[in-house]
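Fold and geometry: a report
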Amino acid sequence: MLIEKVTGTTYERAVAARVLKPLGLRDTSFPGRFQTRIPGRHNRGYQAVARKDGSTELRDVTEWNSSDRWAAGDIISTTADLERFTVALFGGRLVPAAQLEEMFTVPGVRDFVTGKSATLTAGMSRIKLPDGTIAWGKTVAGTATTRR
C-alpha cells in the first residue's frame with residue numbers, strides 16, 4: 001500500500017517498472033487472485049503433510065495460490081530470475097548502499113525469550129551454518145543464500 005501511495009501506481013506496475021524490467025526478469029509475473037497456473041516450464045513443489053495416523057504424505061503444492069497475501073505472496077518466478085534478482089540485490093543494484101548495509105546489519109541484542117543473539121535484520125535473517133559460513137535468507141525456515 002505504501003508503494004502505491006508513493007508511486008501513484010499499482011504495486012504490480014511499480015515492481016515491474018523498477019525491478020523486473022531493469023533486471024530483465026522475463027519469467028517473473030503477478031498472476032492475480034484467480035490465476036493458479038504457472039506459465040512455462042517449471043519444477044514441481046511438494047510439502048510433507050501430517051496424516052491423522054501420525055504418518056506423513058507428500059502433497060503437490062506447485063499451484064498453491066497464495067495471492068490472498070497480495071504483495072507477500074502474489075508473484076511467480078523461475079530459479080534463473082530469482083538468481084538474477086539475488087545477485088542484483090546483494091550486488092547493490094536495487095537499493096542504495098546505506099539500505100543494503102542495513103539489510104545485512106544484525107542488531108547487537110539478545111532474543112527476549114531465548115537469550116540467543118539476534119539473527120534478524122531489516123528484511124533478512126542471518127543463518128550460521130555448522131562450518132561457520134554465514135548464509136542469508138528471508139526467514140529462518142526459508143531458502144538461504146550465501147553472501148561472502
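As a reminder, the structure under discussion sits directly above these lines.
Structural notes, computed from the coordinates. Everything numeric here is computed off the predicted structure, so don't read it as measured data.

Here we take up the overall build of the protein chain. When you go through the protein chain residue by residue, the secondary structure sums to four helices and five strands. For the protein chain, the N- to C-terminal ordering of α and β elements is α-α-β-β-α-α-β-β-β. Here the protein chain holds 148 residues, and the buried ones make up 23% of them. When contacts within the protein chain are restricted to residue pairs at least 6 apart in sequence, those whose partners lie at least 24 apart make up 35%.

In the sheet, strand β1 (residues 46-50) pairs with strand β2 (residues 56-60) via five bridges, with the strands oriented antiparallel. In the sheet register, A48 faces β2, and the bridge partner there is L58. Counting the residues between successive antiparallel strands, the hairpin from β1 to β2 contains five residues, one of them, G54, with a positive phi of roughly 95 degrees.

This brings us to helix α3 (residues 79-90). Over its twelve residues, α3 runs 16 Å from end to end, which matches the ideal 16 Å to within 8%, given 1.5 Å per residue. Those residues of α3 that sit buried are D81, T86, A88, L89 and F90. G92 lies just past α3 and shows a positive phi near 85 degrees.

As a further point, take the layout of surface pockets. Where empty space is left in the structure can be found by rolling a water-sized probe over the atoms. Volume-wise, the second largest pocket comes out at about 230 Å³. Around the second largest pocket, the lining residues are D111, T114, K116, S117, A118, T119, L120, R126, I127, K128 and I134. When residues of the lining of the second largest pocket are assigned to their parent elements, the largest contribution, three residues, is made by strand β3 (residues 125-128). Looking at the lining of the second largest pocket residue by residue, the class counts come to four nonpolar, three polar and four charged.

Relative to the assigned elements, A48 resides in strand β1. According to the relative accessible area criterion, A48 is exposed, its value standing at 52%. As for A48 and L58, which are separated by ten residues in sequence, their C-alpha atoms are 4.6 Å apart. The contacts of A48, once residues within four sequence positions are left out, are E57 and L58.

Thresholds applied
- Residues numbered from 1 in each chain as written.
- Predicted model: local features only at pLDDT ≥ 70, side-chain atom pairs only at ≥ 80, totals over all residues.
- Heavy atoms only, no water.
- Helix = DSSP H or I, 4+ residues; strand = E, 2+ residues; numbered from the N terminus.
- Buried < 20%, exposed > 50% of the residue type's maximum accessible area, 1.4 Å probe, protein only.
- Contact = heavy atoms within 4.5 Å.
- Pairing = 2+ DSSP bridges.
- Expected span 1.5 Å × (residues − 1).
- 1 Å grid on protein atoms, 1.4 Å probe; cavity = no way out; pocket = protein on both sides within 12 Å on 5 of 7 lines; lining within 4 Å.
- Points joined across faces, edges and corners; volume = space filled by probe spheres on them.
- Nonpolar A, V, L, I, M, F, W, Y, C, P; charged D, E, K, R; others polar.

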